[in-house]
Amino acid sequence: MKLFDPKLLALSAVAWAVVLFGFLRQHAGLKNNQCQMTYMRPAYEEEPVPLNDSPYALVRYTGEREIRETSPLGSGLRTHPVMFVPGHRGDFEQVRSLGAHVMRLGLDLEVYALDLGSEASGLHAGLLWQQAGFAALAAAALAEKHSKAPSILMVGHSFGGLVLRTALVLPSFPARSHLPHTLVTL
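These numbers were taken from a predicted model, which means no experiment stands behind them.

Chemist: Mind showing me how you'd approach the pattern of salt bridges here?
Modeler: As a working rule, side chains carrying opposite charge can pair if their charged atoms are close by. All told, the structure shown has four salt bridges when counted by the stated rule. A salt bridge links Arg 60 to Glu 45, with the shortest nitrogen-to-oxygen separation between them at 2.7 Å. Placement of the pair is Arg 60 in strand E2 (residues 57-61) and Glu 45 in strand E1 (residues 44-47), with a sequence separation of 15 residues. For Lys 145, the salt bridge identified is with Glu 47, shortest N-O distance 2.5 Å. One end of the pair, Lys 145, is in helix H4 (residues 125-145); the other, Glu 47, is in strand E1, and 98 residues separate them in sequence. Under the relative-accessibility criterion, Glu 47 is labelled buried at 11%. Shared partners join several salt bridges into a network, and the residues in it are Glu 45, Glu 47, Arg 60, Glu 110 and Lys 145.

Right, here's the structure in full:
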């Protein structure tokens, strides 16, 4: 009868070596972490969208008050609107990273997101059309609110990009010829 199985002993030695290496790397400073963490306390305000009879909403990322108030642009409304559309089963809160970085950099951008209720829009064409219709109404509301803006930057994550591309061809999309200037799909 064997007291120690050689395979089990070797496996245990490898596991302990990995744990020891991880501990040494973390605490002995074998390599410093070059990444800087982004901390945020996101906050949102719902914005009115005329003619909206859907369950969807347009929200504005207001971010951290102390960052917004100390921004070089002050705490007022920014000039250039950015509209973010989440993808399949996505949430409007996914805009928090984009919004926090925009505020920290002091860019003249006002970040908005569509709250589409985390719907599974990739599974039903009817949901795509409903969401695209609301995106067109939201773009019209932003074009009116930011009437001096030369364009609306539209950012669609995954299926949200398809929602935005569909919204562009709808008759309810704002008729101003310069909208949208930029459409980004991730």
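Chemist: Mind showing me how you'd approach the pairing of strand E4 (residues 109-115) here?
Modeler: Where a strand is regular, its side chains alternate between the two sheet faces. Burial analysis of E4 places five of its seven residues in the buried class, which makes it a mostly covered element. Two strands pair when backbone bridges link them, and E2 and E4 are joined in this way by four bridges, in the antiparallel orientation. Residue pairing for E4: Arg 60 is matched across the bridge by Tyr 112. When strand E3 (residues 80-85) meets E4, the two strands line up parallel, connected through five bridges. If you follow Phe 84 over to E4, its bridge partner there is Ala 113.

Chemist: Looking at this model, I keep getting lost on the nonpolar core. Mind explaining?
Modeler: Ranked by size, the top nonpolar core spans 27 residues in total, and within it Leu 58, Met 83, Leu 114 and Phe 134 carry the most contacts. Counting residues per element, the ones that place at least two in this core are E3, E4, H4 and helix H5 (159-167). When residues of this core are assigned to their parent elements, the largest contribution, 11 residues, is made by H4. Ignoring sequence-local partners within four residues, the contact set of Phe 134 consists of Val 49, Asn 52, Ser 54, Tyr 56, Ala 57, Leu 58, Leu 114 and Leu 116. Ranked by size, the runner-up nonpolar core spans 12 residues in total, among them Val 59, Phe 84, Val 95 and Ala 100.

About the cut-offs
- Residues numbered from 1 in each chain as written.
- Predicted model: local features only at pLDDT ≥ 70, side-chain atom pairs only at ≥ 80, totals over all residues.
- Heavy atoms only, no water.
- Salt bridge = Lys/Arg side-chain N within 4 Å of Asp/Glu carboxyl O.
- Helix = DSSP H or I, 4+ residues; strand = E, 2+ residues; numbered from the N terminus.
- Buried < 20%, exposed > 50% of the residue type's maximum accessible area, 1.4 Å probe, protein only.
- Pairing = 2+ DSSP bridges.
- Core = buried A, V, L, I, M, F, W, Y, C linked by side-chain atoms within 4.5 Å.
- Contact = heavy atoms within 4.5 Å.

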